[in-house]
Amino acid sequence: MRLYEAMIVYHPDTGEAAVKELLERAKQVIVGQQGEVTQVVEWGLKDLAYAIRKQRRGYYAIIEFKGTGTTVSELERNLRISDRVLRYITVQVDPERPPLEPPKSRRETSEQELEGTDETGTDDVGDPESQEVSS
Amino acid sequence: MMPSKSTQDGQKRPSRGRGDDKNPFRRRGGRRKVCRFCAEKTLPIDYKEHRILASFITERGKIIPSRITGNCARHQRRLTTAIKQARTAALLPFAVVRT
């Protein structure tokens, strides 16, 4: 048994109650495959970085679970079938990592983590970009 | 009695060769680049942290080479994986058209 997490992006018109139900169904799939759901985190409606099926927003949720490769393929098979699911991604996670956090608000992140992040990011980086834009 | 010229010479003699040149292996101007993830051990490389990842892509959405950011090979490897995962989840763009 390995630890995985599946991030699922639902169609924005699904509605919170319906998403909860879909998540419940996904959990049942995992349990039905001798998996064990360890955590579920909902990020809620978020802007997508690009349009998927003409939608610019999506309802994000993450399920962390223990299972095997067949658990993952069965879960993904079910996600593929549903037309409510815009996108999903399953990744194996380090069992030692801290539990999932609720989504950070834009403010929080910009204060804490982006403080140092911007400097090296932007000023070292500007050069190749400006060349490209001009071409 | 020494001619005044010689003293002036002594002081103003231009430095010959590359006396005060920097080490050729040193970057010209600017500070030394350090891998951000090595320097800041708590900084996570995770596809869910798209705001951190966003500082390692260009405005057009391309991954910035470690040659420019100074990331070490190991962290750059993990970073690119995380960025690609974040792209799949629509947390980061594949390309930004029309800047």
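Before reading further, recall that the structure is shown in the block above.
Residues numbered from 1 in each chain as written. Chains lettered and ligands numbered in written order. Predicted model: local features only at pLDDT ≥ 70, side-chain atom pairs only at ≥ 80, totals over all residues. Heavy atoms only, no water.

Participant: Explain the overall build of chain B here, please?
Facilitator: A tally of helices and strands in chain B yields five helices and zero strands. Helices (α) and strands (β) of chain B occur, in sequence order from the N terminus, as α-α-α-α-α. Counting over 99 residues, chain B shows a buried share of 34%. Taking the contacts inside chain B whose residues are at least 6 apart along the sequence as the reference set, 57% of them involve residues at least 24 apart. Here chain B has roughly 7,200 Å² of accessible surface; of this, 50% comes from carbon and sulfur atoms. (Helix = DSSP H or I, 4+ residues; strand = E, 2+ residues; numbered from the N terminus. Buried < 20%, exposed > 50% of the residue type's maximum accessible area, 1.4 Å probe, protein only. Contact = heavy atoms within 4.5 Å. Areas by Shrake-Rupley, 256 points an atom, 1.4 Å probe, with all protein chains shown as cover.)

Participant: Is there a simple way to think about the sheet that holds strand 1 (residues 2-10) of chain A in this case?
Facilitator: The pairing of strands in a sheet happens through backbone hydrogen bonds and is either parallel or antiparallel. Residue and element names in this part refer to chain A. Pairing in this open sheet of four strands is antiparallel, and the strands run 2-3-1-4 from one edge to the other. Of all the strands in the sheet, just strand 2 (36-52) and strand 4 (85-92) have a single pairing partner and so form its edges. Adjacent strand axes in the sheet meet at a mean angle of 20° when their direction is disregarded. Pairing analysis gives eleven bridges linking strand 2 to strand 3 (residues 55-67), with the strands arranged antiparallel. (Pairing = 2+ DSSP bridges. Axes fitted to C-alpha atoms, helices over the stretch in contact; angles between N-to-C directions.)

Participant: I keep staring at the packing of aromatic side chains and nothing clicks. Help me out?
Facilitator: Note on aromatic pairs: each is described by the distance of the centres and the angle between the planes. Scanning the model with the defined rule gives four aromatic pairs over all chains in all. Consider the rings of phenylalanine 37 of chain B and phenylalanine 56 of chain B, whose centres lie 5.2 Å apart with planes at 35°: the pair is tilted. Taken as a pair, phenylalanine 37 of chain B in helix 2 (residues 36-39) and phenylalanine 56 of chain B in the loop between helix 3 (50-53) and helix 4 (66-69) lie far apart in primary sequence, 19 residues in all. In this structure, lysine 46 of chain A packs its charged tip against the face of tyrosine 60 of chain A, placed 6.0 Å from the ring centre. (Phe/Tyr/Trp six-rings, centres within 6.5 Å; stacked < 30°, edge-to-face > 60°. Lys NZ or Arg CZ within 6 Å of the ring centre and 35° of its normal.)

Participant: Could you clarify how one ought to interpret the pairing of strand 1 of chain A in this entry?
Facilitator: Two faces belong to every sheet, and in a regular strand the side chains alternate between them. Residue and element names in this part refer to chain A. With respect to burial, strand 1 is a largely interior element, eight of its nine residues being buried. Where strand 1 meets strand 3, nine bridges bridge the pair, whose relative direction is antiparallel. Its bridge partner lying in strand 3, arginine 2 is registered against glycine 67. When strand 1 meets strand 4, the two strands line up antiparallel, connected through seven bridges. Each residue of the ladder has a partner; that of isoleucine 8, found in strand 4, is tyrosine 88.

Participant: Even after reading the chapter, I still don't get the side chain of glutamine 55 of chain A, so can you show me in this structure?
Facilitator: Residues and elements named next belong to chain A. Tracing the backbone shows glutamine 55 in strand 3. Taking the relative accessible area as the measure of exposure, glutamine 55 reaches 19% and is therefore buried. Engagement of the side chain of glutamine 55 in a polar contact is seen with the side chain of histidine 11, the distance being 3.5 Å. When sequence neighbours within four positions are dropped, the list of residues in contact with glutamine 55 reads His11, Pro12, Leu48, Tyr50 and Leu86. (Polar contact = N/O pair within 3.5 Å; in protein donor to acceptor, adjacent residues only side chain to side chain.)

Participant: So what exactly am I meant to see when it comes to the pattern of salt bridges here?
Facilitator: Two side chains carrying opposite charge are able to pair once their charged atoms lie near each other. Enumeration according to the criterion identifies twelve salt bridges over all chains in this entry. The partner of glutamate 42 of chain A in a salt bridge is lysine 20 of chain A, and the shortest N-O contact between them spans 3.3 Å. Here glutamate 42 of chain A, found in strand 2, pairs with lysine 20 of chain A, found in helix 1 (residues 16-32); they are 22 residues apart in sequence, far enough to count as distant. Judged by relative accessible area, glutamate 42 of chain A falls into the partly exposed class, the value being 25%. Note on lysine 20 of chain A: relative accessible area 37%, which makes it partly exposed. Among the ionic pairs, arginine 57 of chain A bridges to aspartate 47 of chain A, the shortest N-O distance being 3.0 Å. Remark: aspartate 47 of chain A occurs in strand 2 and arginine 57 of chain A occurs in strand 3; sequence separation between them is ten residues. Looking at aspartate 47 of chain A, the relative accessible area reads 46%, which means it is partly exposed. Overlapping salt bridges, with partners in common, bring together Glu5, Glu64 and Arg97 of chain A together with Asp46 and Lys48 of chain B in one network. (Salt bridge = Lys/Arg side-chain N within 4 Å of Asp/Glu carboxyl O.)

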